[in-house]
Amino acid sequence: MGVMGVDLLRVELSLYLAKFGLYPIALFWGQAGTPFDCYPVTEGDVIFDARLVGDEMGIIFAYIGASTVTPDFILLRGEEDGWRKVWPSDPEPWRDLWKTADGDVSFAAGDLSLLRMEGSSWGVFSEEDPFFECHACAHRFFDLLWERQGDKYLPQVTLPLDAPYYDRLWEITQPSPYASLFEFLRRLRVGDEAGALELVAEVEPSLLDQAGALGLDDPAVTYMVEWGPAAEETLLFSTEDLAREFMATFIQPSEGEDWLLTDIGER
Amino acid sequence: MSKVRGYLLLTFIFVLLVAGCTPGLAIPSPTPLPTATMIPTHTPTPTVVPTPVSGGLPAEEIRRISKAVVQIFNFQTGSYGVEEPYSMGSGTIIHPEGQILTNFHVVEDASSLAIALSSAPDRPPVVAYVAEVVEYNISFDLALIQITADVDGEPVNKSELNLPWIPLGDSDSLQLGDALTIFGYPAVGGETISLTKGVVSGFETEYTESEESMRVWIKTDASLNPGNSGGAALTDKGVLVGIPTLIRLDIGEETGVPVGSMGRLRPVNLVDYVVEVQPLEIVRRLLAKAAAFQEEQDFEAAQQPAFQALALYLSLPKIEEMSEEEIADELLSLGQEAGWRWGSWGSIS
């Protein structure tokens, strides 16, 4: 049985964050010559960054899985009797938008007021998903700023918390042909034809009929993107059993906007 | 007076477990007490009813420990100015560089100390080194000795000794009934190392100047005999928790024969009163303690000594001058020396 190594971050003189073996990430502080105090901060495998501002400390760390690194963030506050975890705290309803698999968390301002979160949809599994997103498969990517408000960090989004989860997720999804195809098929499968139409290049209802005729609205079927010699605007995808293969083409009206379907058909 | 009542009238005699010449003691050594025939089966009620010891140390661990428990010969200058063997006892190597923990009375008044090591449990120990007393505490009857030369008197390079050693455990964490395995060289055990088993039968505490209670004795029902002095009492985790020091013999007043005995161990935590332990050494010990728990897959128990080690290490003044990489590297080395088996990120197998 081996235990993991040592990861150490000197936040300032006589204030250290340490990951020691397989034990939690812990904060050590005190006066040299006298054993330091210790506060186990969080589970986690590696320390990325830490920032001390006044009596508060933001710590960016990560969990390391078999194939992925998942960064996370924790805010501590120093009090008379030691350190206390401030964020995240239960309940954190907005945390369903905290998606950092294979991504990054960084300080987006000079203090602790703003965090940037980037991540992929790896591990975000739902029955509504039209695609099987294995780790080596195609993914959606998310990019989101989290702003400090009091003792909380809240995502900079427009949709309210009570909006449907997938709509909120779509708001933070980075534009890509795959993301649009994923969302188009998902909407189709849940009967949201109006929503699916928003992802079609020209208001051409026949593309929805075309997809329906191909059975792409069947929620029981799961697809996989095929990696092959396709142009950026073209995606090949197949059923999981590879029995059927499809092709979708896209355009991006302008930089930063969602990619839109121009055609979809079986090969 | 009934026979049973007669057994209840007892005289207590505390016997130091040193073998050989033990001036002033009521029980002559090395002639052992014929306890097997003299102690009645219906002994007075013990402090704790001994429970059968199951499990215990695995055979491989016992072989390893056997090599780290040494026999100590106390040579003293005789009346003609010639060094003669005066007594013998046991000791435990607690550092690969040849630090041995034992009782003070084992090494008391020695003009020289010879250290015998055993290569296997069925082989008698062979004198291989000479040692010197480094520190001692008479009140707690503990001493730390250091191997300084080989048997020919040639100085040894401590860093090259790389002797088998036993990590120090935490005697304050012992509980009543915990299993103990005793290693040593009792005179009654023949020439080879002896192992006896028992449980923690009780404690005796005293109060420090700061009015904190401190365990000064661990009582055990394990069989101890002269020669066991200074040896090793280990838990099932293979860490040293006690130093066999005394037996208390209960003597029937009418018969004058021993009717029971209770062994006494000095808790290993008292070692800190013997020597001013260097902080880095304490870090090593804490890491060794954590390593012992890790070997048992008891990571919850290992966390505390691991964090204590880190808290102490990071407070060392030299740390301020070191880079993060240097600190991490030294921690890795210290852990490795203490028996940590470092894995890689993302894997604990």
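Keep in mind it's a predicted model, so treat the numbers as computed, not measured.

What counts, and where the lines are drawn
Throughout, a residue's number is its position along its own chain's written sequence, starting from 1. Working convention: letters from A go to chains and numbers from 1 go to ligands, in the order in which they are written. Restriction of local features to residues with pLDDT of at least 70 applies here, the model being predicted, together with a cutoff of 80 or more for giving and counting side-chain atom pairs; totals for whole chains, interfaces and linings are based on all residues. Each helix is a run of DSSP H or I of at least 4 residues and each strand a run of E of at least 2, with the numbering of both proceeding from the N terminus. Any residue with 12 or fewer other C-beta atoms within 10 Å of its own C-beta is exposed, any with 20 or more is buried, and the rest are partly exposed; the C-beta atoms used are placed from the backbone. Residue pairs qualify as contacts under a 7 Å threshold applied to their C-beta atoms, which are placed from the backbone. Between any two strands, at least two bridges found by DSSP are needed for them to pair. Axis lines are fitted through C-alpha atoms, for helices just across the contact stretch, and the angle between N-to-C directions can take any value from 0 to 180 degrees. As a working rule, the residues Ala, Val, Leu, Ile, Met, Phe, Trp, Tyr, Cys and Pro are called nonpolar, Asp, Glu, Lys and Arg charged, and the rest polar, with Gly in that last group. The labels follow the angle: roughly parallel below 35 degrees, roughly antiparallel above 145, roughly perpendicular from 65 to 115, and oblique for the rest. When the near helix sits turned anticlockwise from the far one by under a right angle, the crossing is termed left-handed; a clockwise turn instead gives a right-handed crossing. A residue's pLDDT is the confidence the predictor assigns to it, expressed on a 0 to 100 scale. The nonpolar core is taken to be a set of buried Ala, Val, Leu, Ile, Met, Phe, Trp, Tyr and Cys residues joined by way of C-beta atoms within 7 Å. Any helix carries an expected span of 1.5 Å times its number of residues minus one. Within this analysis, the arc is defined by the directions that extend from the helix axis to the C-beta atoms.

Caption draft 1: Representation of the overall build of chain B in the model. Along its length, chain B carries nine helices and 14 strands. Counting all 349 residues of chain B, 44% fall into the buried class. Partitioning the contacts of chain B with sequence separation of at least 6, the portion at a separation of at least 24 is 66%.

Caption draft 2: Region of interest: the overall build of chain A. Within chain A one finds four helices and 16 strands. Each of the 267 residues in chain A was classed as buried or not, and the buried ones make up 36%. For chain A, the share of sequence-separated contacts (at least 6 apart) that also reach a separation of at least 24 residues comes to 42%.

Caption draft 3: Inspection of the sheet that holds strand E5 (residues 46-53) of chain A at higher detail. All names here are of chain A. Reading across the sheet, the four strands line up as E5-E6-E7-E8 and stay open at both edges, with antiparallel pairing between neighbours. Of all the strands in the sheet, the pair left with one neighbour each is E5 and strand E8 (82-87). Between one strand and the next, the sheet's axes are offset by a mean angle of 30 degrees, whatever the strand orientation. The sheet contact formed by E5 and strand E6 (residues 56-64) spans seven bridges and is antiparallel. Opposite Val53, over in E6, you have Glu56 as the bridge partner.

Caption draft 4: Summary view of the sheet that holds strand E10 (residues 114-120) of chain A. Residue and element names in this part refer to chain A. What the four strands build is an open sheet, ordered E9-E10-E11-E12; its pairing is antiparallel. Only two strands of the sheet have a single partner each, and these edge strands are strand E9 (104-107) and strand E12 (152-155). On average, each strand axis in the sheet is inclined to that of its neighbour by 25 degrees, with strand direction left out of account. Where E10 meets strand E11 (residues 141-149), seven bridges bridge the pair, whose relative direction is antiparallel. Across the sheet, Glu118 pairs through a bridge with Asp143, a residue of E11.

Caption draft 5: Structural detail: the interface of chain B and chain A. Facing the 25 residues of chain B at the interface are 30 residues of chain A. Residue assignment for the side of chain B that touches chain A shows that the elements contributing at least two residues are helix H8 (299-314) and helix H9 (324-337) of chain B. Class assignment of the residues belonging to the side of chain B that touches chain A gives a composition of 16 nonpolar, six polar and three charged.

Caption draft 6: Inspection of the packing of helix H7 (residues 279-295) of chain B against H8 of chain B at higher detail. All names here are of chain B. Where H7 meets H8, the closest approach of the two axes is 8 Å, and the angle between their N-to-C directions is 165 degrees. Considered as vectors, H7 and H8 are oriented roughly antiparallel to each other. For the pair H7 and H8, the sense of crossing is left-handed. Together, Pro279, Ile282, Val283, Leu286, Leu287, Lys289, Ala290, Phe293 and Gln294 of H7 and Phe299, Ala301, Ala302, Pro305, Ala306, Gln308, Ala309, Leu312 and Tyr313 of H8 make up the contact between the two elements. Here the residues of the contact of H7 with H8 are counted per class, giving 15 nonpolar, two polar and one charged.

Caption draft 7: Geometry of the confidence of the model for chain B. Residue and element names in this part refer to chain B. With 77% of its residues at a pLDDT of 70 or more, chain B has an overall mean of 79. Here helix H2 (residues 35-38) stands out as the least confident element of chain B, with mean pLDDT 26; strand E12 (residues 232-234) is the most confident, with 96. Scored below 50 in pLDDT, residues 20-54 shows 62 contacts in the model against residues more than four places distant or in partner chains. Ignoring residues within four places in sequence, the model shows residues 345-349, a span with pLDDT below 50, making 14 contacts including any to other chains. Listed scores for the predicted complex are pTM 0.60 and ipTM 0.85.

Caption draft 8: Local environment of the packing of H7 of chain B against H9 of chain B. Residue and element names in this part refer to chain B. One can describe the packing of H7 onto H9 by two numbers: an axis separation of 8 Å at closest approach and a directional angle of 60 degrees. Viewed along their axes, H7 and H9 adopt a mutual orientation that is oblique. The two elements H7 and H9 meet at a crossing, and its hand is right-handed. Taking contact as the criterion, the partners of Val283, Arg284 and Leu287 in H7 are, on H9, Leu334, Gly335 and Glu337. For the contact of H7 with H9, a count of residues per class yields three nonpolar, one polar and two charged.

Caption draft 9: Spotlight on the pairing of E6 of chain A. Residues and elements named next belong to chain A. Where E5 hands over to E6, the hairpin turn is made up of two residues, of which Gly54 adopts a positive phi near 60 degrees. In the sheet, E6 pairs with strand E7 (residues 69-79) via nine bridges, with the strands oriented antiparallel. Bridge pairing in E7 places Ile60 opposite Phe73. In sequence, E6 turns back onto E7 through a hairpin of four residues.

Caption draft 10: Local environment of the nonpolar core. By size, the foremost hydrophobic cluster in this structure holds 119 residues, and its most contacted members are Phe28 of chain A together with Leu113, Ile115, Leu234, Leu287 and Leu310 of chain B. Contacts of Leu310 of chain B, omitting those with residues within four sequence positions, involve Ala18, Phe20 and Phe28 of chain A. Judged by nonpolar contacts, the second largest core, of 26 residues, contains Tyr178, Phe182, Leu207 and Phe246 of chain A.

Caption draft 11: Quick look at H8 of chain B. Taking 1.5 Å per residue, 16 residues should reach 22 Å; H8 of chain B reaches 22 Å between its end C-alpha atoms and fits that length. Listed in full, the buried residues belonging to H8 of chain B are Ala302, Gln303, Pro305, Ala306, Phe307, Gln308, Ala309, Leu310, Ala311, Tyr313 and Leu314 of chain B. Buried residues in H8 of chain B make contact with strand E2 (15-20), strand E3 (25-29) and strand E4 (37-42) of chain A together with H7 and H9 of chain B.

Caption draft 12: Representation of helix H4 (residues 205-213) of chain A. Residue and element names in this part refer to chain A. Those residues of H4 lying buried are Leu207, Leu208 and Ala211. In a view along the axis of H4, the buried residues occupy a sector of 100 degrees, so they form one face of it. Exposed positions of H4 whose direction lies more than 90 degrees from the buried face are Pro205, Ser206, Asp209 and Ala213. Of the surrounding secondary structure, the elements contacted by the buried residues of H4 are helix H2 (177-189), helix H3 (193-197) and strand E16 (260-266). Downstream of H4 by one or two residues, Gly215 has phi in the positive range, about 80 degrees.

Caption draft 13: Region of interest: unusual backbone geometry. Backbone torsion omega between Trp87 of chain A and Pro88 of chain A reads -5 degrees, so that peptide bond is classified as cis. With respect to the element layout, Pro88 of chain A can be found in the loop between E8 and E9. The residue after Asp90 of chain A, namely Pro91 of chain A, is reached through a cis peptide bond having omega -10 degrees. Looking at the element boundaries, Pro91 of chain A is found in the loop between E8 and E9. Unlike most non-glycine residues, Gln297 of chain B shows phi in positive territory, near 65 degrees.

Caption draft 14: Examining the environment of Val216 of chain B more closely. Residues and elements named next belong to chain B. Position of Val216 among the secondary structure elements: in strand E11 (residues 213-220). As for Val216 and Glu206, which are separated by ten residues in sequence, their C-alpha atoms are 6.5 Å apart. Discounting residues that sit within four places of it in the chain, Val216 has contacts with Glu204, Thr205 and Glu206.

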